[in-house]
Amino acid sequence: MTVDLAVVPVAGRGTRLLPLTKSQPKEMLPVGRKPVVQYVVEELARCGIGRLIFVTGPGKTAIENHFDFDAELVAHLRETGKEELLAELAFEGQPVEYFYTRQRRQLGLGHAVLCAQPVVDNQPFVVALGDSIIGLHAESQVVRSMIDQFERARADAVIAFEEVPREDVTHYGIAKPRRQTGDVFELDDLVEKPDVAEAPSTLAVAARYVFSPAIFECLKRTPPGKGEEIQLTDAIRLLIQQGGKVLGAVLPPGQRRFDIGNFESYFQAFVEFALADPDDGLALRRHLERLLAPDGSRPCC
Ligand code: UTP
């Protein structure tokens, strides 16, 4: 049976987006018309994921509410003659079963994944970060092709990577490919936030993974690093060192990762999604053109 289970960690504090994230989850921030995590779930559902485990934490109940059926809201829309808005709730009926578990202390992404072990048990699974969208409109099939690679190669892990400008490698986990032929390669190592001069490539980890359950043992053996956090990258390095077959898959052109973890990339993502909006994108484009026009042509206020 193919991989149909995904773990979506959403327990992080999102401190880089304060004060926005003081009392709302960053995974619920709007990007265009939808909250970030709705794009993530829609993408996974399109890729054949039927069971989804959220790893939540304090202050994240809005995420659980968002994926519940809301019969009262449906009745209200019907009674007030707003049936056309029911289409906006179609995502509630996606063929996905939701499970929730808690990360009781925020000890890093690796620790969040480990919190899902009692539910995942001995099955292969996808990890999709709840604060990152792949491609506009969540139409990416990259997780589907990563699952296919994982099964075909009998791999222990497949990790999505994205080409980034060389000066940006200092922000990401960077691949050291063993040999690269085409868009799938075997990993020799992963280097966390290397100096520009020492980066083994410009391929940055891009928020989607497929793992065999072997990753759990590696996570358990990974010592906590800075801030007592257990890093997923360190556990993947351990998996490689103990002879695991770990593959990298480069995101196809046009399927960029939108990272909603800091203001610069959040603003860019919002504008890009809003510009692509079928109803209001054109009006926004005109507005931005006016705003950005040389002084003489700016409308007076
Ligand atoms: P980040 O690495 O951006 O960490 O999380 P963060 O704690 O949310 O944000 P900052 O650094 O304080 O601004 C990437 C993904 O992993 C989840 C987050 O919810 C996010 O979806 N995560 C992170 C957890 O579930 N638990 C953690 O302990 C850390």
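Heads up: these notes are all about the structure in this document. (Residues numbered from 1 in each chain as written. Predicted model: local features only at pLDDT ≥ 70, side-chain atom pairs only at ≥ 80, totals over all residues. Heavy atoms only, no water.)

Let's talk about the packing of aromatic side chains
No. 1: Under the definition given, this model contains 13 aromatic pairs.
No. 2: Ring geometry for F67 against F91: centres 6.1 Å apart, planes inclined by 90°, an arrangement best described as edge-to-face. Here F67, found in the loop between α2 (61-66) and α3 (71-79), pairs with F91, found in the loop between α3 and β5 (97-102); they are 24 residues apart in sequence, far enough to count as distant. Accessibility assignment for this pair places F67 and F91 in one class, buried. (Phe/Tyr/Trp six-rings, centres within 6.5 Å; stacked < 30°, edge-to-face > 60°. Helix = DSSP H or I, 4+ residues; strand = E, 2+ residues; numbered from the N terminus. Buried < 20%, exposed > 50% of the residue type's maximum accessible area, 1.4 Å probe, protein only.)

Digging into the side chain of Q38
No. 1: When you line up the elements, Q38 lands in helix α1 (residues 36-46).
No. 2: Relative accessible area serves as the criterion here: at 5%, Q38 is assigned to the buried category.
No. 3: Of note is the side chain of Q38, whose polar atom sits 2.9 Å from the side chain of E42.
No. 4: Not counting residues within four places of it along the chain, the set of residues in contact with Q38 comprises H66, F67 and F91. (Polar contact = N/O pair within 3.5 Å; in protein donor to acceptor, adjacent residues only side chain to side chain. Contact = heavy atoms within 4.5 Å.)

Brief notes about the nonpolar core
No. 1: Membership of the largest hydrophobic core comes to 38 residues, with the highest contact counts inside it found for F125, I215 and I236.
No. 2: Tallying contributions element by element places helix α8 (residues 232-241) first for this core, with 6 residues.
No. 3: Sequence-distant contacts of I215, that is, excluding residues within four places in its chain, are made with F125, A235, I236 and L239.
No. 4: Core analysis: the next-biggest nonpolar cluster, separate from the first, contains 37 residues, V10, V74, V126 and A249 among them. (Core = buried A, V, L, I, M, F, W, Y, C linked by side-chain atoms within 4.5 Å.)

Brief notes about the site of the ligand
No. 1: If you check the shell around the ligand, you find 18 residues, and the closest are G12, T15, R16, E27 and Q103.
No. 2: G14 places a polar main-chain atom, nitrogen or oxygen, 3.4 Å from an oxygen atom of the ligand.
No. 3: Taking G108, its main chain carries an N or O atom lying 2.8 Å from an oxygen atom of the ligand.
No. 4: Taken by itself the ligand offers 570 Å² of open surface, and the protein chains cover 83% of this.
No. 5: Each residue belonging to the shell around the ligand can be placed in one class, and the counts come to 6 nonpolar, 7 polar and 5 charged. (Near = heavy atom within 4 Å. Areas by Shrake-Rupley, 256 points an atom, 1.4 Å probe, with all protein chains shown as cover. Nonpolar A, V, L, I, M, F, W, Y, C, P; charged D, E, K, R; others polar.)

Examining the environment of L275
No. 1: In this structure, L275 sits in helix α9 (residues 263-275).
No. 2: Those residues in contact with L275, other than ones at most four positions away along the chain, are G281, L284, R285 and L288.

Here's the deal with the environment of T170
No. 1: Here T170 is to be found in the loop between β8 (157-163) and β9 (173-181).
No. 2: In the structure, T170 is positioned 157 residues away from R13 in sequence and 22 Å away in space, judged by C-alpha atoms.
No. 3: The residues touching T170, leaving out its near neighbours within four places in the chain, are K193, P194, D195 and V196.

Concerning α9
No. 1: For α9, spanning 13 residues, the distance from its first C-alpha to its last is 18 Å, which sits close to the expected 18 Å at 1.5 Å a residue.
No. 2: The complete set of buried residues in α9 reads S265, Y266, A269, F273 and A274. Along the axis of α9, the buried positions cluster into a sector of 160°, meaning they face one direction only. Within α9, the exposed residues directed more than 90 degrees away from the buried face are E264 and F267.
No. 3: In the core, the buried residues of α9 are packed alongside β2 (30-31), α1, β7 (132-134), β13 (257-259) and α10 (281-292).
No. 4: Among the residues of α9, the N-terminal cap falls to N262, whose side-chain oxygen and the backbone nitrogen of E264 are separated by 3.2 Å. (Expected span 1.5 Å × (residues − 1). Arc of directions from axis to C-beta.)

Quick look at the packing of α9 against α10
No. 1: The N-to-C vectors of α9 and α10 enclose an angle of 120°; their axes lie 7 Å apart at closest approach. It follows that α9 is oblique to α10 by the angle criterion. Across the interface between the two elements, V271, A274 and L275 of α9 pack against G281, L284, R285 and L288 of α10.
No. 2: Grouping the amino acids of the contact of α9 with α10 by side-chain chemistry returns 5 nonpolar, 1 polar and 1 charged. (Axes fitted to C-alpha atoms, helices over the stretch in contact; angles between N-to-C directions. Parallel < 35°, antiparallel > 145°, perpendicular 65-115°, else oblique.)

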